[in-house]
Amino acid sequence: MRKRSFDPVVDGNTRLLVLGSLPGDKSLAAQEYYGNRQNKFWTLMSSVIGIELVPLEYGARLQSLLEHSVGLWDVVAEAHRPGSLDSNIQDRQNNDLLGLLARFPSVQAIAFNGGTAAKLGMKVLGEHLSRYEVFILPSSSPAYTLAYSEKLAKWKLLAYVLEGL
């Protein structure tokens, strides 16, 4: 069974684009970016933008990100992946990251949520990466067992980036 990513969440004011790999099973079932409640994405982004996102309805979370110039998408458009582990991604097709970035020239920085997103995304973007500030963040996934405090320290760097963009 092939799994598909969600539509991008971006607008003309997006300055920072956060790229994941491919939604996991719980996110796909919920039809929400980072829909697995064990995933710390929304908690980490709350610290980045200074607004408590977790208690908000999903649509309000997305709107809050956009209001703070943050967009979301995934590197992989669709793939075969048993379970939710990135290491199981097979036979993938990538999203048109270059096309998206061409349509939204306000994007100045790209943050990869985890090593797989970074590895695949950097390959897709290639030489075009030099146009952006690039961040490779520890994955917000519960499968990546780095202590939350260490994840938070790296993710909070995005707050400074947004202030400077």
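Note: the structure precedes this text.
The following paragraphs examine the structure supplied in this document. Per chain, the residues get numbers from 1 upward, laid out in the order the sequence is written. Only residues with pLDDT of 70 or above have their local features reported here, since the model is predicted, and side-chain atom pairs are shown and tallied only from 80 upward, although totals for entire chains, interfaces and linings are computed over all residues. For the side-chain quantities, the full set of heavy atoms in the structure was used; hydrogens and water were omitted.

### Section: the environment of Asn95
Line of reasoning, step 1. The helix and strand labels rest on DSSP assignments: H or I over at least four residues marks a helix, E over at least two residues marks a strand, and numbering proceeds from the N terminus. Relative to the helices and strands, Asn95 resides in the loop between β5 (90-94) and α4 (97-103).
Line of reasoning, step 2. Separated by 22 residues in sequence, Asn95 and Trp73 place their C-alpha atoms 8.8 Å apart.
Line of reasoning, step 3. Ignoring sequence-local partners within four residues, the contact set of Asn95 consists of Ser5, Trp73, Asp74, Val75, Val76, Ala77 and Val124.
Line of reasoning, step 4. For Asn95, the side chain forms a polar contact with the side chain of Ser5, separated by 3.1 Å.
Line of reasoning, step 5. Definition of a polar contact: a pair of N or O atoms within 3.5 Å, with one able to donate and the other able to accept a hydrogen when the atoms are protein atoms, and with sequence-neighbouring residues admitted only if both atoms are side-chain atoms. At a separation of 3.4 Å, a polar atom in the side chain of Asn95 contacts the main-chain carbonyl oxygen of Val76. What makes two residues a contact is simply this: any of their non-hydrogen atoms within 4.5 Å.

### Thoughts on the nonpolar core
Line of reasoning, step 1. Among buried residues, those of type Ala, Val, Leu, Ile, Met, Phe, Trp, Tyr and Cys that are joined through side-chain atoms within 4.5 Å constitute a nonpolar core. Accessibility here uses a 1.4 Å probe with only protein chains present; expressed as a share of the type maximum, an area under 20% marks a residue as buried, one over 50% as exposed, and anything in between as partly exposed. With 52 residues, the main nonpolar core has Trp42 and Leu72 as its most contacted residues.
Line of reasoning, step 2. The greatest single-element share of this core, amounting to 6 residues, is contributed by helix α2 (residues 41-49).
Line of reasoning, step 3. If we ignore the near neighbours within four places in the chain, the residues touching Trp42 are Tyr33, Tyr34, Leu53, Val54, Tyr58, Arg61, Leu62, Leu65 and Leu72.

### Overview of the sheet that holds strand β2 (residues 16-20)
Line of reasoning, step 1. Pairing between two strands requires that DSSP report at least two bridges joining them. Across the sheet, 4 strands lie side by side as β3-β2-β6-β7; this open sheet has parallel pairing. Each edge of the sheet is formed by a strand with only one pairing partner; in this case those strands are β3 (70-74) and β7 (133-137). Sheet twist, expressed as the mean angle between neighbouring strand axes with direction ignored, is 20°.
Line of reasoning, step 2. Relative to β3, β2 runs parallel, the two sharing 5 bridges. Across the sheet, Leu19 pairs through a bridge with Trp73, a residue of β3.
Line of reasoning, step 3. Lines fitted to the C-alpha atoms define the axes, with helices restricted to the stretch that makes contact. Angles between their N-to-C directions range from 0 to 180 degrees. Contacting β2, β3 and β6 (109-113), α2 runs over the sheet at an angle of about 155° to β3.
Line of reasoning, step 4. Where helix α5 (residues 115-125) meets the sheet, its contacts fall on β2, β6 and β7, and the angle it forms with β6 comes to roughly 140°.

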